[in-house]
Each structure stands twice: as structure tokens, then as C-alpha cells.
Amino acid sequence: MRYDVFFAGYGGQGVLLAGNLLSYAAIHEGKNVSFFPAYGVEKRGGAAMCTVVFADGDTGSPVVGNPSVSVLLNQLSFDKYAAKVKQGGICIVNSSLINCDEVDLPGIEVVLVPMNQIALEMGDVRMVNMVACGAYIEKSGALQSKSLEAALKKALPERNHKLIPANVKAMEAGALAARA
Amino acid sequence: MMKQVFTRPESLKDVSTHFCPGCHHGSVHRLVAEALDEFGLRSQTIGVASVGCSVFLYGYFDVDVIEAPHGRAPAVATGAKRARPDRIVFTYQGDGDLAAIGMSEIIHAANRGEDITVIFVNNTTYGMTGGQMAPTTLPGQKTSTSPFGRDTSKDGSPFKMAELLSNLDGVAFSARVALNNPKNVLNAKKMIKNAFRYQVEKKGFSFIEALASCPTNWGMNPLDANQRVTDELIPYFPLGIYKNTANM
Amino acid sequence: MPTATLEKIFVKGNEAVAMAALEAGCRCYFGYPITPQSDIPEYLSRELPGLGGEFIQAESEIGAINMLLGASATGARAMTSSSGPGISLKQEGISYMAGSELPGVIVDIMRAGPGLGGIDASQADYFQATKGGGHGGYRIIVLAPASVQEMYDLTMLAFDLSDIYRMPAMVLADSVIGQMKESVTPNPRPQVVLPSKEWVVRGRADGEPQNVVKSLYLGDGEMEAFHWKMQSRYQELADKECRWEEVCTSDAELIVTAFGSTSRIAKTAIAMAREAGMKVGLMRPITLFPFPRKAYAALSVRCKLFLDIELSTGQMVDDVRLSVARDADVIFYGRPPGAGSLPTPEELFEQIRKNYRACA
């Protein structure tokens with residue numbers, strides 16, 4: 001099996017960390033991974049996006065034109081990338097920051113998750129990317145949630161390991177919201 | 001039995017040079033070779049040749065030599081010395097090579113305090129290519145590319161490299177010498193030895209600027225050219241030690 | 001130093017280059033910052049001092065390549081890295097290294113140009129890399145990794161080939177391969193028999209010959225003899241060192257050919273084409289110099305349609321056309337480099353479909 005997922009948001013939302021996390025989780029499951037980042041010149045506030053491809057065999061193209069799953073964290077990303085999702089694919093939307101009422105995306109399953117709100121309820125808006133990761137594994141079924149826990153240890157620097165339980169909770173909350 | 005009191009330094013090959021009559025390159029070569037001999041450094045030395053009349057360094061010095069691109073000798077020497085810190089590494093460069101196309105490399109090697117010795121031969125002209133204006137050509141000096149004389153309002157003033165480099169923290173020793181009379185030759189020998197001694201003692205970057213004559217491109221006979229060093233070069237480029245960390 | 005293991009790690013292409021250089025025994029690195037390759041000097045500035053190595057952030061790319069020249073002349077394994085504008089500056093030094101028969105590894109993480117261009121991926125420096133980018137008529141070994149694993153493995157190979165053939169070797173990638181992260185196995189340095197470097201400058205001891213590393217040849221016939229010697233060395237490279245990858249070529253009616261990043265995108269497009277019932281294969285050169293001409297010639301005996309894909313307006317396509325049989329067609333599809341011009345697998349699939357239909 002070959003999976004691909006596209007994450008986009010603005011710098012500071014942890015888009016690249018989310019991609020890294022999914023990569024480590026896939027490696028944990030013995031898969032080959034390609035993580036392809038792209039970002040604006042600015043460190044914060046600019047556009048940030050990444051594509052993660054993982055497979056049992058060859059990962060093939062790190063560039064994906066029509067992603068199977070896109071996780072879009074802000075309005076700008078939604079406006080630009082939602083329509084690119086593959087037919088039959090999934091678009092997971094941060095409904096705290098994105099208004100998609102008037103947008104018609106035929107052939108694409110749109111999943112609304114109020115990611116900022118959930119992260120705030122979990123205690124820190126910076127965990128928005130964790131909520132997003134939880135929603136992704138719930139909807140895609142591509143990775144085990146246990147692998148994500150293991151991945152946190154690899155993706156986060158040692159000094160932040162104390163935050164792992166809170167991050168796991170945020171992922172679970174994201175998964176729950178996506179299930180509803 | 002006769003006693004031999006004057007011999008060719010071991011660090012120089014037994015060949016005749018291509019240098020013009022009255023050119024001071026040969027004297028500088030000899031003094032560098034004597035310094036290497038006297039410290040017993042020949043078998044540990046790597047020379048770095050530059051582009052210009054000094055390019056044939058490997059033909060005259062009996063040491064291993066790398067030939068550097070024009071102006072890049074200090075960068076090449078940096079790489080060699082960093083890879084072989086147990087060797088003695090020196091560059092031998094002319095004024096066009098060091099103070100024009102290679103200005104960036106010399107300044108930065110000096111500023112990093114590379115443990116190398118730079119022998120800079122300043123004859124105020126591009127010798128090899130036929131006497132064009134150099135960065136050290138004197139104001140008013142006529143050359144093949146300054147036929148009306150160096151115009152400082154357009155060409156700038158000559159670079160005083162020994163002074164300029166002495167301002168950098170990485171420089172351990174910087175001196176200007178000349179070879180126009182026996183006294184100056186003896187002093188030049190002392191300074192060149194000092195420069196190599198600093199490298200042996202790992203004190204940092206050492207720099208010798210040697211004022212030299214170029215009779216062919218100055219359009220003079222050797223004696224007049226020698227006199228020009230006395231009358232024109234030394235007043236503009238004063239001799240002396242500009243930096244000596246041992247005195248600090 | 002992160003030691004070689006068989007356990008997979010997850011690193012950027014650029015980091016893999018730096019790790020492989022250390023594993024290959026490189027202890028001298030000279031560079032100058034430029035996007036998108038700065039991860040390489042950053043990594044090595046952290047690791048080299050602890051290994052007793054030398055890291056210098058040079059005053060310029062000119063300074064860096066000449067430091068490489070100097071270190072290499074002493075026999076040390078040394079490396080520099082840069083991207084377009086910096087690689088242009090290094091051409092002087094690369095020419096001198098080629099003329100002095102010096103090994104040394106140069107990593108080029110291509111970005112868009114000409115001029116300052118942009119930091120997006122590009123393959124438009126293929127000519128500069130493979131045709132002798134500086135003056136004088138010379139070639140250097142050029143390796144084109146298409147994955148982070150290959151960034152690692154081919155960097156080590158570059159050091160070995162460079163030492164064996166006494167010429168500079170370049171690892172030619174772009175910001176897709178340099179910036180992406182993949183799971184890789186940090187393999188141990190391969191056991192290769194290397195020629196002894198009896199030519200190095202080392203300080204001439206009594207009784208030993210003087211060694212001179214130079215590129216000036218003034219004697220009657222000297223320069224010509226040098227060129228003939230190098231020509232036979234290039235031929236030896238072509239005979240022994242061509243490397244390439246073929247995917248599904250045995251029954252292919254159309255063979256896509258691409259190197260580096262675009263070959264990766266093409267792979268997925270080819271998988272899509274196979275799913276759609278089209279007999280399409282991939283020919284990916286790994287060595288760009290020597291170019292695997294014989295392999296193309298062999299493929300074109302049976303398959304008569306090639307689709308060359310590049311992130312440029314067409315450079316490698318010249319070599320492909322010179323390599324295939326006379327009755328084979330080579331179609332070109334490329335996008336000039338720059339923000340937003342990276343082709344997608346879907347786009348390349350369309351090109352395959354269009355041309356496949358035309359031939360069927």
C-alpha cells in the first residue's frame with residue numbers, strides 16, 4: 001500500500017512537525033517514507049506545507065498533485081488546495097479558522113474538525129497540529145495511534161518529552177472529533 | 001685547500017632562472033631558501049606558487065609545490081595547512097596576484113590567522129603579462145595600461161599591504177623589506193627568517209612585503225631600476241616592521 | 001559522529017550527504033552559505049571539530065574551492081558544497097583541479113537560475129555540471145542521486161571514484177532531494193581498493209622526488225599529451241563506471257527517462273500508466289558523466305519511443321538523443337525551474353498518455 005497526505009497552514013501552526021511525526025510513525029511501522037517540505041521565506045506567518053508519502057515498497061514521487069488526504073489548517077490553504085484533493089479523497093478542515101460553507105467539493109469527503117478550539121480546550125492552542133494528526137489517522141486508517149505515540153519520542157526534543165501525555169490527549173481528541 | 005664560503009642553498013635547485021637581469025625575484029628566492037635551510041625546514045615545506053613571474057616556483061625551489069589559481073594562493077595554502085598542520089606552508093605572490101585579484105583571499109587568510117607565511121613581492125607592475133598597471137603602481141607611474149601615468153582620482157592610490165594587514169588581529173608579523181642594497185638584503189633575510197620562525201612556533205599569520213625592481217617593465221637598466229627602488233618605492237612604501245606580536 | 005548502522009534513520013538529503021562524507025573519511029570541509037544547501041555546512045560545522053577535522057566557512061565560494069584544492073593536494077579527503085550562483089564561482093577552481101588531476105568532492109544542490117534566480121528546485125545546471133563548467137575542455141564525474149539513500153551512498157561513491165580516477169566528482173541534486181527527508185540506512189563505507197596517492201605534496205624528504213601539483217603545461221606537446229591522457233581516462237570511466245536504473249523496461253512501448261527529482265515524480269506517473277494498461281518503463285541515469293550511452297543504445301534496439309523529462313527546457317535530452325538508435329524517437333517534456341513549476345505525477349501521466357496514444 002502507498003499512502004500520501006498533504007498538510008498546509010501558516011508558519012507557526014506546526015505543519016512541518018505534524019509531517020515529521022507521521023513520518024516517524026510510518027517508520028515505526030516499518031514503512032519507507034518521503035517527507036517533502038515547502039515553506040515561505042518567513043519563519044512565522046508565511047505559508048507552510050508538506051507532503052508525506054509512505055509505503056511498504058517504493059515511495060515514488062515525493063510530489064503529489066492530487067493528494068488522497070489533505071489536512072488544511074487555515075483559510076488560505078483551504079482556498080488554494082481543497083479542490084486539489086483526489087476524487088474519492090478526504091479533506092480534513094480546521095473549522096475553527098476556515099469557513100467552507102459556500103464551497104462545493106464534489107467527490108471529496110470534507111471532514112470538519114474545530115482544531116483550534118479543541119487544542120484550546122486541551123490547554124494549549126499550539127497543539128493544533130496534534131489534533132490534526134489525530135483526525136488524520138482516524139479518517140485514513142493509515143497508521144496506528146500507538147505508532148504516533150512512539151513517534152513523539154523521536155520527533156520531539158528530549159526537553160519536551162514531558163509534554164508527550166498532553167499531546168497524546170490532543171491527538172485522541174482530534175480523532176474523536178473526526179469520528180463524530 | 002680552499003674553503004667554500006658561499007654555496008647555493010639546499011632548498012634551491014641547481015638551475016638558472018628565467019628572471020630578467022636585475023630583477024629582485026632571484027634574491028627573494030634565495031633569502032627564502034636560506035631561511036628554510038637554516039631552520040632545517042626543506043623536507044617539511046609545501047610552497048604555493050601564484051600566477052605571474054612567480055609561477056615557476058617549483059622549477060627553482062627544491063620543495064613540494066602546489067600551483068594556485070591567480071590570487072588564490074592564500075586559500076590553497078589554508079587548505080593545505082589545515083589538512084597538514086605539521087607542515088610549513090608558504091605562498092609566494094606578486095602584487096597583481098595578491099593585492100588585486102586575490103585581495104579577498106589574502107585578507108581573509110590573514111584575518112583567520114592561518115599559520116602560513118606569505119612572501120609578497122611588490123614591483124609595482126604586472127611583470128609576466130608585460131608591465132600593466134598594478135594595485136601598487138605609484139601615482140603618476142606610466143605603465144602599458146596607464147600610458148599617462150596612474151591617475152589616483154580614477155585608479156585610486158597604491159595599496160600599502162604591510163600596513164593594511166597589520167591592522168588585522170590574526171596577523172602575527174608583518175614587515176616590509178627591500179633588496180636594493182646589502183644592508184637591506186641582510187635585513188630582509190632577518191625578517192624572512194623571523195616570518196618562518198613565527199610559523200614554526202605556530203604564532204599565526206606572517207607576512208613579508210619585499211619591494212623589488214622590474215627593470216624590463218620599468219624600461220630601465222638594472223642599476224637605474226635599483227636606484228628607483230631607493231628614490232621612489234621606499235619613500236612611498238616605508239620599510240619596517242608593522243606588526244610584531246612578540247613585542248606586544 | 002553518528003556511526004554507520006543497519007538501522008534506518010530519518011534525515012534530510014543534505015544531512016545524508018554530510019553524514020556520508022564523514023563516513024567516507026572526509027575530514028576537511030570548506031563552504032559558503034547558500035540556500036538550499038546550508039544544512040550541509042551547518043551539519044559539518046557541528047560534527048567536524050569533534051572528529052579532529054577542519055571546517056572553514058570561507059570568504060567566498062572561490063575561497064572554498066581553492067581550500068579544497070589545497071587540502072586535496074596534500075592527499076586529504078575534502079569536500080565543498082554550494083548551489084547555482086556559488087557553483088559558478090567555483091568553476092575556476094574546478095578547472096584548476098581538473099587540470100591538476102586532483103580529486104575532491106563538490107556537492108551541487110541546484111536551484112533555479114540564471115542569475116540569483118530562486119531557491120526552488122532546478123535541473124538546469126546539467127550542462128554546467130556534465131560538459132565541463134569551467135575553461136579548458138575537461139570533464140568531471142557527475143552522480144545524480146534520486147533519493148536520500150542515494151544522497152548517502154553516492155556521496156561515498158563520489159569520494160572513491162574521485163580518488164581512483166584523480167578528478168573532481170560532483171554530487172548533483174536539487175532542493176527536492178536536498179530538502180526532503182526519507183528513511184535511510186546509513187551504510188558503512190564500502191571496502192574499495194584505492195590507489196596510493198604518491199603524487200601528493202607532503203614535504204620532500206631527502207632522496208624522494210619533488211612533487212608538484214600544477215596545471216601549467218608549456219612544453220612542446222605537453223598540453224596535448226595531458227588531454228589525450230584525460231580522454232582515455234574518460235573512456236575508462238565510460239567503460240567501467242556507468243550506473244543507471246531501469247524500471248519495467250523489458251516490455252515497454254515507451255520509456256520515460258529522467259534523472260534525480262524528476263525521475264522520482266516520473267516513477268509514480270509510470271505506476272499510474274501501468275495501472276491504466278500502458279506498457280511504460282523508466283530509464284534513470286545515475287552517472288550523468290559518464291553518461292550511460294550504451295544502456296540507452298541497448299534499450300532503443302527494441303523500444304523506439306523515449307520521453308525525456310527534465311526540470312529545465314531540455315539539457316540531458318541532447319545526450320539521450322546522441323545515445324539512442326537512429327530510428328528511435330526522443331520526445332521532450334520539461335518545465336523551466338522556478339516557484340510553482342515542479343511537475344506533478346498527474347501531469348507527467350498526461351504526457352505519457354498523450355505520447356503513448358500517438359505511438360500506439
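Computed from a predicted structure; not experimentally measured.

Visitor: Help me understand the confidence of the model for chain C in this model?
Guide: Low-pLDDT portions of the prediction should not be read for the details of their coordinates. Taken residue by residue, chain C gives an average pLDDT of 96. The fraction at 70 or more is 98%. Interface predicted TM-score (ipTM) for the complex: 0.93; the corresponding pTM is 0.95.

Visitor: Any chance you could explain the nonpolar core here in plain terms?
Guide: Nonpolar side chains tend to gather and get buried jointly when the protein is soluble and globular. With 145 residues, the main nonpolar core has Phe205 of chain B together with Met79 and Val256 of chain C as its most contacted residues. Per-element tally for this core: the top contributor is helix H6 (residues 148–165) of chain C, with ten residues. Here this core spans two domains, since at least three of its residues come from each of domain 1 (9–184) and domain 2 (245–359) of chain C. Ignoring any residue separated from it by four or fewer positions in sequence, one finds Val256 of chain C in contact with Ala266, Ile270, Val280, Gly281, Leu282, Met283, Leu307, Ile309 and Ile352 of chain C. In this structure, Ala18, Ala26, Cys50 and Ile118 of chain A belong to the second largest nonpolar core, which totals 50 residues.

Visitor: Even after reading the chapter, I still don't get the interface of chain B and chain C, so can you show me in this structure?
Guide: A common way to report how large an interface is uses the accessible area buried once the components associate. If you look at the interface, chain B gives 36 residues, while chain C gives 35 residues. Together, the buried faces of chain B and chain C total about 2,700 Å²; carbon and sulfur atoms form 54% of this surface. By the criterion of area lost to chain C, the three top residues of chain B are Asp64, Glu67 and Arg82 of chain B, representing 23% of everything that side buries. Taking the shortest distance from any N to any O, the salt bridge between Arg202 of chain C and Asp64 of chain B comes out at 2.6 Å. Seen at the junction of chain B and chain C, the total is 19 residue pairs in polar contact (both at pLDDT 80 or more). When contributions to the side of chain B that touches chain C are tallied by element, the ones reaching two or more residues are strand S1 (45–49), strand S2 (64–67), helix H3 (73–83) and helix H5 (103–111) of chain B. Of all the elements, H3 of chain B adds the most residues to the side of chain B that touches chain C, at seven residues. Its residues assigned to classes, the side of chain B that touches chain C comprises 15 nonpolar, eight polar and 13 charged. Pairing geometry for S2 of chain B and strand S9 (residues 212–213) of chain C, over two bridges, is parallel. Looking across to S9 of chain C, one finds that Val65 of chain B is bridged to Val212 of chain C.

Visitor: Could you clarify how one ought to interpret the environment of Val171 of chain C in this entry?
Guide: Residue and element names in this part refer to chain C. Checked against the element boundaries, Val171 lands in strand S7 (residues 169–174). A relative accessible area of 0% places Val171 in the buried class. With 64 residues separating them in the primary sequence, Val171 and Val107 have C-alpha atoms 4.7 Å apart. Leave out the neighbours within four places in its chain, and Val171 touches Val105, Ile106, Val107, Asp108, Leu143, Pro145, Met151, Leu154, Thr155 and Ala158.

Visitor: What is the right way to read the packing of helix H3 (residues 61–73) of chain C against helix H4 (residues 84–99) of chain C from this model?
Guide: To describe two helices that pack against each other, one gives the angle between their axes and the distance between the axes. Residue and element names in this part refer to chain C. Where H3 meets H4, the closest approach of the two axes is 8 Å, and the angle between their N-to-C directions is 30°. It follows that H3 is roughly parallel to H4 by the angle criterion. Handedness of the crossing formed by H3 with H4: right-handed. Of the residues in H4, those in contact with Glu61, Ile62, Ala64, Ile65, Asn66, Leu68 and Leu69 of H3 are Gly86, Leu89, Lys90, Glu92, Gly93, Ile94, Tyr96 and Met97. Tallied by class, residues from the contact of H3 with H4 come to nine nonpolar, three polar and three charged.

Visitor: Hey, could you run me through the packing of aromatic side chains in this one?
Guide: Geometrically, a pair of aromatic rings is defined through the distance of the ring centres and the angle of the planes. One pass over the structure, following the stated rule, counts 18 aromatic pairs over all chains. Between Tyr29 of chain C and Phe55 of chain C, the ring centres sit 5.7 Å apart and the planes meet at 10°, which makes this aromatic pair stacked. Highlighted residues: Tyr29 of chain C in strand S2 (residues 28–31) and Phe55 of chain C in strand S3 (residues 54–57), separated in sequence by 26 residues. Among the aromatic residues, those joined into a ring-pair cluster are Tyr24 and Phe35 of chain A together with Phe10 of chain C. Lying over the aromatic face of Phe35 of chain A, Lys181 of chain C brings its terminal NZ or CZ to 5.9 Å of the ring centre. Over the ring of Tyr217 of chain C we find Lys214 of chain C, and its NZ or CZ is 4.6 Å from the ring centre.

Visitor: Mind showing me how you'd approach the domain arrangement of chain C here?
Guide: Residue and element names in this part refer to chain C. Its domain assignment divides chain C into domain 1 (9–184) and domain 2 (245–359). Taken together, the 29 residues of domain 1 in the interface contact 26 residues of domain 2. Buried surface at the junction of domain 1 and domain 2, both sides included, amounts to about 2,100 Å², of which 58% is carbon and sulfur. At the junction of domain 1 and domain 2, the tally comes to three salt bridges. With a shortest N-O distance of 2.8 Å, Glu150 and Arg284 are connected by a salt bridge. At the junction of domain 1 with domain 2, the criterion picks out 16 residue pairs in polar contact (both at pLDDT 80 or more). Residue assignment for the side of domain 1 that touches domain 2 shows that the elements contributing at least two residues are helix H5 (126–130), strand S6 (141–143), H6, S7 and helix H7 (175–179). Partitioned by chemical class, the residues of the side of domain 1 that touches domain 2 number 18 nonpolar, four polar and seven charged.

Visitor: Quick question: what am I supposed to make of the pattern of salt bridges here?
Guide: Side chains that differ in charge, positive against negative, can pair when their charged atoms come close. Residues and elements named next belong to chain B. On inspection of all chains with the given rule, the structure shows 47 salt bridges over all chains. The salt bridge partner of Arg72 is Glu105, with a shortest N-O separation of 3.3 Å. One end of the pair, Arg72, is in the loop between S2 and H3; the other, Glu105, is in helix H5, with 33 residues separating them in the sequence. The class of Arg72 is buried, set by a relative accessible area of 7%. A salt bridge links Arg176 to Glu209; the shortest N-O distance between them is 3.1 Å. Here Arg176, found in strand S7 (residues 171–178), pairs with Glu209, found in strand S8 (residues 205–211); they are 33 residues apart in sequence, far enough to count as distant. No difference in accessibility class separates Arg176 from Glu209, as the two residues are buried.

Visitor: Explain the sheet that holds strand S14 (residues 305–310) of chain C here, please?
Guide: Across a sheet, paired strands are connected by hydrogen bonds in the backbone, their directions being either parallel or antiparallel. Residues and elements named next belong to chain C. Ordered by their spatial adjacency, five strands build an open sheet running S10-S12-S11-S14-S15, and the pairing between neighbours is mixed. Strand pairing shows two members of the sheet lacking a second neighbour, strand S10 (244–247) and strand S15 (329–334), which therefore form its edges. Shown here is a sheet whose adjacent strand axes are inclined to one another by a mean of 20°, direction ignored. Looking at chain direction, strand S11 (residues 254–257) and S14 are connected through three bridges and run parallel. Bridge pairing in S14 places Ile255 opposite Phe306.

Visitor: Help me out: how do you make sense of the pairing of S3 of chain C in this one?
Guide: Moving residue by residue along a regular strand, the side chains alternate between the two faces of the sheet. Alignment of S2 of chain C against S3 of chain C, held across four bridges, turns out to be parallel. Looking at S3 of chain C, one finds that Cys28 of chain C is bridged to Glu54 of chain C.

Visitor: How should I be thinking about the interface of chain A and chain C in this particular structure?
Guide: Each partner contributes to the interface: chain A provides 22 residues, whereas chain C provides 17 residues. Counting across the chain A and chain C interface gives one salt bridge. Close ionic contact of Lys267 of chain C with Asp58 of chain A constitutes a salt bridge, the shortest N to O distance being 3.2 Å. Secondary structure elements with two or more residues in the side of chain A that touches chain C: helix H1 (15–28) and strand S2 (32–39) of chain A. Examining the composition of the side of chain A that touches chain C, we find that seven residues originate from one element, S2 of chain A, more than from any other. Split by residue class, the side of chain A that touches chain C holds ten nonpolar, nine polar and three charged.

About the cut-offs
- Residues numbered from 1 in each chain as written.
- Chains lettered and ligands numbered in written order.
- Predicted model: local features only at pLDDT ≥ 70, side-chain atom pairs only at ≥ 80, totals over all residues.
- Heavy atoms only, no water.
- pLDDT = per-residue confidence, 0-100.
- Core = buried A, V, L, I, M, F, W, Y, C linked by side-chain atoms within 4.5 Å.
- Buried < 20%, exposed > 50% of the residue type's maximum accessible area, 1.4 Å probe, protein only.
- Helix = DSSP H or I, 4+ residues; strand = E, 2+ residues; numbered from the N terminus.
- Domains from an automatic or database assignment.
- Contact = heavy atoms within 4.5 Å.
- Buried area = accessible area lost by both parts, 1.4 Å probe.
- Salt bridge = Lys/Arg side-chain N within 4 Å of Asp/Glu carboxyl O.
- Polar contact = N/O pair within 3.5 Å; in protein donor to acceptor, adjacent residues only side chain to side chain.
- Nonpolar A, V, L, I, M, F, W, Y, C, P; charged D, E, K, R; others polar.
- Pairing = 2+ DSSP bridges.
- Axes fitted to C-alpha atoms, helices over the stretch in contact; angles between N-to-C directions.
- Parallel < 35°, antiparallel > 145°, perpendicular 65-115°, else oblique.
- Left-handed = near helix turned anticlockwise from the far one by under 90°.
- Phe/Tyr/Trp six-rings, centres within 6.5 Å; stacked < 30°, edge-to-face > 60°.
- Lys NZ or Arg CZ within 6 Å of the ring centre and 35° of its normal.

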